[in-house]
Amino acid sequence: MNEQQCTKELGEVLSTSTRVAVLLEAIFALDTTALKRGITCRPCKETVQEVIMMDTTKVLCCEHMKNRQDIEETVVHELVHAFDSTRQGKFNSLCHAIACGEVRASCLGKYM
């Protein structure tokens, strides 16, 4: 998918997905300044990752997105991470926090 297509589909996902709306509402209820730099689409030819961080902006690597469903699942996954970072959690270690966050993000991204 090119950057223009990705941006268009991302806009649709952000404005129509109930999963995204629920997560955004929960995030902003905890921290109104969260995600202030937003989510965007850009080409990331030098990486195999689907999402990278540029400053505090989440960047969807458009060449790794195949369709709107990919974008929605990726956005939900990243929003679960954003939610987790805004709430107070009790974990025994950083490793536990990261592992728990990845499991939650993967499961909720696919099945929420």
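Residues numbered from 1 in each chain as written. Predicted model: local features only at pLDDT ≥ 70, side-chain atom pairs only at ≥ 80, totals over all residues. Heavy atoms only, no water.

Colleague: Any chance you could explain the state of the cysteines here in plain terms?
Modeller: When the sulfur atoms of two cysteines share a covalent bond, that bond is a disulfide. Using the criterion set out here, one finds 2 disulfides in the structure. Between the sulfur atoms of C6 and its disulfide partner C41 the distance amounts to 2.2 Å. Taking the sign of the S-S torsion, -65° for the link of C6 and C41, the bridge is left-handed. In this pair, C6 sits in helix α1 (residues 3–16) while C41 sits in strand β1 (residues 39–42), placing the two residues 35 residues apart along the sequence. Judged by relative accessible area, which is 0%, C6 ranks as buried. What pairs with C44 in a disulfide is C61, and their sulfur atoms sit 2.4 Å apart. With the S-S bond torsion at -90°, the cross-link from C44 to C61 turns out left-handed. (Disulfide = S-S within 2.5 Å. Helix = DSSP H or I, 4+ residues; strand = E, 2+ residues; numbered from the N terminus. Buried < 20%, exposed > 50% of the residue type's maximum accessible area, 1.4 Å probe, protein only.)

Colleague: Please explain the environment of R87 as it appears in this structure.
Modeller: Tracing the backbone through its elements, the reader meets R87 in the loop between α3 (68–86) and α4 (94–111). For R87 and L30, which are 57 residues apart along the polypeptide, the C-alpha to C-alpha distance reads 6.9 Å.

Colleague: Please clarify how the confidence of the model for the chain should be interpreted in this entry.
Modeller: Reading predicted coordinates in detail is not appropriate for stretches of low pLDDT. Of the residues in the chain, 69% reach a pLDDT of 70 or more, and the chain-wide mean stands at 79. Per-element averaging of pLDDT across the chain places strand β2 (residues 51–54) at the bottom with 51 and α1 at the top with 95. (pLDDT = per-residue confidence, 0-100.)

Colleague: Looking at this model, I keep getting lost on the pairing of strand β3 (residues 57–61). Mind explaining?
Modeller: Sheet faces and side chains relate simply in a regular strand, where the side chains alternate between the two faces. Judged by how many residues are buried, β3 sits mostly within the fold: 5 of 5 residues are covered. Neither face of β3 is left uncovered, since the one carrying T57, V59 and C61 and the one carrying K58 and L60 both have all their residues buried. Sheet topology note: the β1/β3 ladder contains 4 bridges and is parallel. Note on β3: the bridge partner recorded for R42 is C61. (Pairing = 2+ DSSP bridges.)

Colleague: Would you mind showing me how to read the nonpolar core here?
Modeller: Taken as a class, soluble globular proteins show a tendency for nonpolar side chains to be buried jointly. Residues C6, L60, I71 and V75 are the most contacted members of the largest nonpolar core, which totals 18 residues. Ranked by residues supplied to this core, first place goes to α3 with 7 residues. (Core = buried A, V, L, I, M, F, W, Y, C linked by side-chain atoms within 4.5 Å.)

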